[in-house]
Structure formats: structure tokens, C-alpha cells
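# Survey of secondary and tertiary structure
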Amino acid sequence: MIVGRGPSALAALLLLCCYTTHAAAADLADKLRDDSELSQFYSLLEQNPVANATLSLRSCTIFVPTNEAFQRHKGPTHVLYHITTAAFSKDQLEKTVSSDMAGNPPLYITKSRNGDIYVNNARIIPSLSVELTNREGNRQVMHIIDEVLEPLTALPTAKTEINNLDALQFIQKADQLSVGDNKLRTYRSQLALMKKESLYNAPGAHTFLLPVDEGFKITTRSSLVDGKVIDGHVIPNTVIFTAASQHDEPKTSAAFEDQLKVTVSFFKQKDGKMYVKSNTIVGDAKHPEGVVLSEIVKANIPVKNGVIHLIRRPLMIIDTTVTQFLQDNGENGALRKFLEVIMDSGGAVLDGINNLSEVTILAPSNEAWNTSSIDNIVRDRKRMTDILNMHIIKERLNVEKIRQKNANMIAQVPTVNNRTFLYFNIIGEGADAKITVEGGGVNATILQADVAQTNGYVHIIDHVLGVPHTTVLGKLETDPMMSDTYRMGQFSNFNDQLNNTQRRYTFFVPRDKGWQKTELDYPSAHKKLFMRDFAYHSKYILERHLVIADHVFTMKDLAQMSLTTDNVVLPTFRDSLKMKVTEEAGRYVITWNYKKINVYRPDVECTNGIIHVIDYPLLEEKDIVVSGGSYMPESSICIMLANLIMITVAKFLN
């Protein structure tokens, strides 16, 4: 590798020659030598005469990695890239400062929302910065950082001098640079064909996303890289290093105009892998709307006019089916475990997906599979197939369509798993909105939405649906459809028992809209049901809804039991619950006390039972007597009357 020296570095070297060996022991050097946590950098600095001269004779800022940072670092360390020949406190650091390395490549300063300051991808550790004046009276500042700074360097075989390249020069000379096995020949060819070179040598500080050749295995993909797609790979006037990035914060790309609007954002998986995604908010005939994900294969390459991230595949281009997307992201990708489970289950699920002309997949992330409850189920191929099918919807369902379905009520969507529905809920508004989906008793949050494919969408979620991981109480507490029942149970301590994992509960839970209907039917009684002063009566009503037995009763079980009897009798806390369950138009209906009540969500599984969400409480007018500002259940009145009769009889006998 050919390394030159900048004019400032040579001047410092000449000045060093004029001083005795003892003069090199500047105050900042003393500080470094005395700190055992910085010994590795000090050892390298001692061996660099230019760095020693700077510390002895000049003002400077030095960014010093900790020993722990060196343990994570691979490759050579460029000491002069950590030094700038002007003194900057943290408050004085501007967006770029010139390093003392050959060619004076810039260092980029980023300030995050929480107040952290980064130099390139390294965080300045708070409260450890030191400001001194050396023996020549020059001000010097030392900042301690948590990563070793890595400049762009050439391969040892490079035949020409390579210093401080801009992004265009990087693309043109990529084969001579130290970027691993990554090649950029296809993208470089398209860049020249579209005459977009000026975008990459523009002065300033930008973020460039460059797809490597591996991303062009599909032979037709390169022809889809037109000028607008190239624009979508540049975030102008903003430098984003991965450690300093605000995750999932959309940034405007260079492809943002009236007819085409594309944003780009970064996110990190729990396994540490970094991804970038484009979101075509407004598309056209050549550039369809939707999200495209791409893994960052080599991040944080600093160049003269910004930072480069090499990515696995091009953004904006939607040219794969859902099946191809799963396969592409299955091997070592964001959905590796999901694909493994699909294939271990026989592969029929993947074939089923492939046969659908329109499909939406709710794909659990790799981390979602890391629970012991799933380990026990994976071996049961039939049950696992049912669970996997719960994640498949036979239509194109993006976030906008979920919003439309959710306009007046929680969206209910059928899956390919027979009689299984998913229930979507949108919490919050705008960019802060969170979308949850419930299936088989599990609430999951959509982590990455609208990953677009030619025949549908993929939404990445944080839990595996159909594998319960919470108790009846946990479900009641967190499900937005059951909040009224949870609140009522809290008043009377009714909820406390629902965390007991030694029991098996079947709980008929009225959804919030069901309780709202009682407000119209029995306004006075409804109001008191949610008052602490009437907690006893609320508890009495809830106990009617809770079946306690040695096993749970699914809706299918109850429907089959109802075929042979007029009323199924179920054991509750106080007495028994009598009902009949039928199936009408693909939905379950409960008949109780001559009332028909729809089952809105059957078989919500929990670790200690099952919940059936019903459209109306098991409640009728004669249950409640309202008088003088209070009410009592009918049974309480009967008990009081019986007591009065007994007292009267006792007096008569005396």
C-alpha cells in the first residue's frame, strides 16, 4: 500500500528533528502513558514520530480508543487518523474536522438526540475528555472513544497512490481498495450508463448505499437500475454512520419529488446485523410502492464527501415473489429461523405460499423463535404446520389496507389456517403508530411493515403467533380489546387468580364494545359496574364468565358437546354455566338464557387456559336491581329474602 504524508505532517516531522528526545514528553502524552485503559493506543503513538511531534509542538485534538475497543478491532491502526491539528472541545466540534493522516481525510461528527457525540462510528465517552496546554503553550484536547477509527485504505497490491477519495472515485477504484470480497462492477456499469456520476462526486457530506455484485444474481435486475433507482441510494446532505443512526427514522433520498417519493432508514436486529430499507411512498409505473430490505455487508466506509455502506441487494427494486424473498433471506438472513421451521415441517407450507397469486406473510424475526415453549412444539409437525399457516393471509395486505379495515373496528382477517382469524390493531397515529396483530392468543408487534414483493407483502413480527407465552391475566392486561374486563376485575381483586398456572381456565371475555352495548341497555347498572364501591357485584358478574376445570374448552369442543344436549353445563367459581354453542355461517354463536351472543375471537390460547372473546356479556336485566343509588344481583336479593323468612318463622315459633 502506498501511503503519503500531508504537508502538515511533514512540517511536524521537521520540527521534531529540532528538539531533543526529552521534549517529546508532552503533558497529553504523560496523561496517556499514565492511563492503563489507554495503553494500547499509547504504545502505537510512541512508535509514530509525526504523532509525537504533534503532541510536543502543536495544538491538536486526539481521539483515543480504549483497550476494550482494540480487542474488537481487526486490522492495522492508523494513529494519525485519530489526530487533528486543531483543539476542539466537545462543544466546539463541527460537522467535519480534518485528520492528520496523509491527504487529510475528514472525520465526521454526529450528535444524537440523547446528547451522545460520535466521531465517524465511534462514540465519545462522556466525562472522560481532557483539555491541557502543552509545554509550548498550545491547547490540546483528548477525547476517549469506544471504537478504533478506520479510514479508507488501499490493498497492498494497489499500483497508484490512493488518498482521500470521494464516493465516485471509490466506485471507480473499488477493486484496489480494502473492502473484502465485495465487488461493485454491475452497479458501476449502471451508474455510467445512466450518467449519474455527478451525484457521487458532489461536494458536501452525504450517505451512499452501494449494492454489491451479489445482489444482481437475478440477471434481469441490473436492467431495472435506472436513474431514479440510483437516486434512491443516496441520502443527500446527511452523513449516517450505523452506531449514530436513529433506527427506523426515515430520511429523504435523492429520489424525492412530486411523482416519486422514496425514503431510506436504518435498523438493527438483535443479532447485531444492520439493515437498510427503502420505502417508496409514492411510486409510478416503473417504481412500485413498498419497502425493500437490504443487509449492510460492509458499513461505515468514510470518503471525502460522506460515508459509504455496501449493501447486499439494490433498494427500490421489487422483482421477487414472497417465496423467493423468504428463500433469499433464509440463509443467514433476517428470516433464517422462519425458513428453517418451514422446511423442517416438510416444505408443504412453502409450496402453499408459492401457489397463491396474492399473499401476505407475517414472518417472525429470528429472535421470536428463541423461547422454550416453541422448542416443544417444533417436533410436532402437524401442529407446527397449523401454526405456520396462521401466519399466511390470502390477499395483499399492506399497512394502508389495515388502516382502512381498522377505521371503525379492530380489523379481523382470515388466514389459510381453517377458521383462524388475525386481529390487527393500530395504536397511535402518524410516524409513531404501532401496529399489533393477535393470532392464537399471541399479540405480536410488526417490526418491519410492507416489505413488498411482486405477489404480496411480508411483515416482520416480534412473536410467533399461536404459541402462547403469557397467562390469562397477562393476556387480559395487554390486549386492547379486553381492557374493560381487566379494569372491572382489578376493582375486586378478581384478576389475581388468573395468574395461577396450576389451574386451567376457560374465560368468556366480553370485548370492550360488548360492555359499551350494556351502557345503552342498562345505563345506570353499567355505570356502577365500573365503580369501586360496587366491586362485589362486578366480581359476581365476572365469576359467571370464568370456567374452572382440569382442562380447557375450545369452541369446537363446546359445539360438539352441544350436538348431544340442550345445554352444556360448565363449572364456574360459584355455580355452573349453561349454554349451547352452534356454528352459523362459519362463526360460533353462544345461546345463553335464550340470548344469542356472537363469539368474536374464539380460542385465544394462554399458558394456563383459553379465552373466548364474546360480543356481549352474560348479563340480563333481572341480574341487576337498581334502587336508591345501589344495586344487587338477583341471588343476593334471594338470600336476603330467605333470611327474612327464617327470622319471621323463628319469631312465630317462639
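Look up a bit, the structure's there.
Starting afresh in each chain, residues are numbered from 1 along the sequence in its written order. Given that the model is predicted, a residue must reach a pLDDT of at least 70 before its local features are reported, and side-chain atom pairs must reach 80 or more before they are shown or counted; all residues, however, enter totals for whole chains, interfaces and linings. Heavy atoms throughout the structure, all of them, feed into the side-chain values; hydrogens and water do not.

### Notes on the sheet that holds strand S27 (residues 587-592)
Backbone-to-backbone hydrogen bonds pair the strands of a sheet. The strands run either parallel or antiparallel. We count it as follows: By definition, two strands form a pair when at least two bridges between them are found by DSSP. Segments assigned H or I by DSSP are reported as helices when at least four residues long, segments assigned E as strands when at least two residues long, and all are numbered from the N terminus. Axis lines are fitted to C-alpha atoms, over the contacting stretch for helices. Their N-to-C directions set the angle, which ranges from 0 to 180 degrees. Two residues form a contact once any of their heavy atoms are found within 4.5 Å.
Judged by pairing direction, the sheet is mixed, and its seven strands sit side by side in the order S24-S23-S29-S28-S27-S26-S25 without closing on themselves. The open sheet has two edge strands with one neighbour each: strand S24 (546-549) and strand S25 (568-571). Each adjacent strand pair in this sheet contributes to an overall mean axis angle of 35 degrees, direction not counted. Examined bridge by bridge, strand S26 (residues 576-584) and S27 share five bridges and lie antiparallel to one another. Counterpart to Thr 582 in the pairing with S27 is Val 589. Here helix H21 (residues 555-562) sits on the sheet in contact with strand S23 (504-510), S25, S26, S27, strand S28 (595-606) and strand S29 (609-614), set at roughly 95 degrees to S26.

### A short note on unusual backbone geometry
Going by this rule: For each residue, the accessible area found with a 1.4 Å probe, counting protein chains only, is set against the maximum for its type, and the residue is called buried under 20%, exposed over 50%, and partly exposed in between.
Its identity as a non-glycine residue notwithstanding, Asn 164 has a phi of 50 degrees, on the positive side. Structurally, Asn 164 can be placed in the loop between strand S8 (139-145) and helix H6 (167-172). Using a relative accessible area of 22% as the deciding quantity, one classes Asn 164 as partly exposed. Residue Tyr 594 is not a glycine yet carries a positive backbone phi of 70 degrees.

### A word on the environment of Glu 289
Mapping Glu 289 onto the fold places it in the loop between strand S13 (274-282) and strand S14 (290-303). As a C-alpha pair, Glu 289 and Ile 317 span 28 residues in sequence and 9.9 Å in three-dimensional space. With residues near it in sequence (within four places) discarded, Glu 289 still touches Thr 280, Ile 281, Val 282, Gly 283, Ile 318 and Ala 452.

### Topic: the packing of helix H17 (residues 483-491) against helix H20 (residues 535-545)
Stated precisely, the cut-off is as follows: Roughly parallel covers angles under 35 degrees, roughly antiparallel covers those over 145, roughly perpendicular covers 65 to 115, and oblique covers all other angles. In this scheme the crossing of two helices becomes right-handed for a clockwise turn of the near helix relative to the far one and left-handed for an anticlockwise turn of less than a right angle. Classification used: nonpolar for Ala, Val, Leu, Ile, Met, Phe, Trp, Tyr, Cys and Pro, charged for Asp, Glu, Lys and Arg, polar for all others including Gly.
Direction vectors running N to C along H17 and H20 enclose 125 degrees, while the axes themselves pass 8 Å from each other. In terms of their interaxial angle, H17 and H20 are classed as oblique. Where H17 crosses over H20, the handedness of that crossing is left-handed. Within the contact between the two elements, H17 uses Thr 485, Met 488, Gly 489 and Phe 491 and H20 uses Ala 535, Ser 538 and Leu 542. Here the contact of H17 with H20 is composed, by residue class, of four nonpolar, three polar and no charged.

### What to know about the environment of Ile 610
Looking at the element boundaries, Ile 610 is found in strand S29. Taking the C-alpha atoms as reference points, Ile 610 and Phe 508, 102 residues apart in sequence, are found 8.8 Å from one another. In this structure Ile 610 touches Tyr 505, Thr 506, Phe 507, Val 552, Phe 553, Thr 554, Asp 603, Val 604 and Glu 605, once residues within four positions along its chain are discounted.

### Some words on the pairing of strand S19 (residues 421-427)
If a strand is regular, its side chains alternate between the two faces of the sheet. The element S19 is largely enclosed, with a buried count of six among its seven residues. Bridge count between strand S18 (residues 411-414) and S19: four bridges; the pairing is antiparallel. From the neighbouring strand, Val 413 faces S19, where its bridge partner is Leu 422. Relative to strand S20 (residues 434-439), S19 runs antiparallel, the two sharing five bridges. Paired with Phe 424 across the strands is Val 437, a residue of S20.

### Structural notes on the pattern of salt bridges
We count it as follows: A pairing counts as a salt bridge when a side-chain nitrogen of Lys or Arg comes within 4 Å of a carboxyl oxygen of Asp or Glu.
All chains considered together, the criterion is met by 29 salt bridges. As a salt-bridge pair, Arg 113 and Glu 249 come within 2.2 Å of each other at their nearest N and O atoms. Taken together, the residues span a long stretch of sequence, with Arg 113 in the loop between strand S4 (106-111) and strand S5 (117-119) and Glu 249 in the loop between strand S10 (234-235) and strand S11 (251-256) at a distance of 136 residues. According to the relative accessible area criterion, Arg 113 is exposed, its value standing at 67%.

### Focus: helix H14 (residues 381-389)
Burial in H14 covers these residues: Met 384, Thr 385, Ile 387, Leu 388 and Asn 389. Buried-residue contacts for H14 involve helix H11 (336-344), helix H12 (348-354), helix H13 (372-378) and strand S17 (392-393).

### Focus on empty space enclosed by the protein
What counts, and what does not: The distinction between a cavity and a pocket rests on a 1 Å grid over the protein atoms alone: a 1.4 Å probe fits inside a cavity but cannot get out, while a pocket stays open yet meets protein on both sides within 12 Å along at least five of seven lines, and a residue with an atom within 4 Å of a point counts as lining. Grid points are joined across faces, edges and corners, and a volume is the space filled by probe spheres set on the points.
Summed over all chains, the structure comprises three cavities of 30 Å³ or more. Here the second largest cavity defines a volume of roughly 70 Å³. Contributing to the lining of the second largest cavity are ten residues, with Phe 421, Gly 586, Arg 587, Tyr 588 and Pro 602 lying nearest its centre. Those elements that provide at least two residues to the lining of the second largest cavity are S19, S27 and S28. A total of three residues in the lining of the second largest cavity trace back to one element, the largest contributor, which is S28. The residue makeup of the lining of the second largest cavity, split by class, is six nonpolar, two polar and two charged.

### Thoughts on the packing of aromatic side chains
What counts, and what does not: Pairing of aromatic rings covers Phe, Tyr and Trp, the last through its six-membered ring, and needs centres within 6.5 Å; plane angles under 30 degrees mean stacked, over 60 mean edge-to-face, and all others mean tilted. Lysine and arginine charges are scored as sitting over a ring when NZ or CZ, respectively, is within 6 Å of the ring centre and within 35 degrees of the ring normal.
Across all of its chains, the model carries seven aromatic pairs by this definition. Ring-pair connections join several aromatic residues into one group, and the members of that group are Tyr 187, Tyr 200 and Phe 208. Directly above the ring of Phe 421 sits Arg 587, whose terminal nitrogen or CZ lies 4.7 Å from the centroid. Here Arg 601 stacks its cationic end above the ring of Tyr 423, 4.8 Å away from the centre of that ring.

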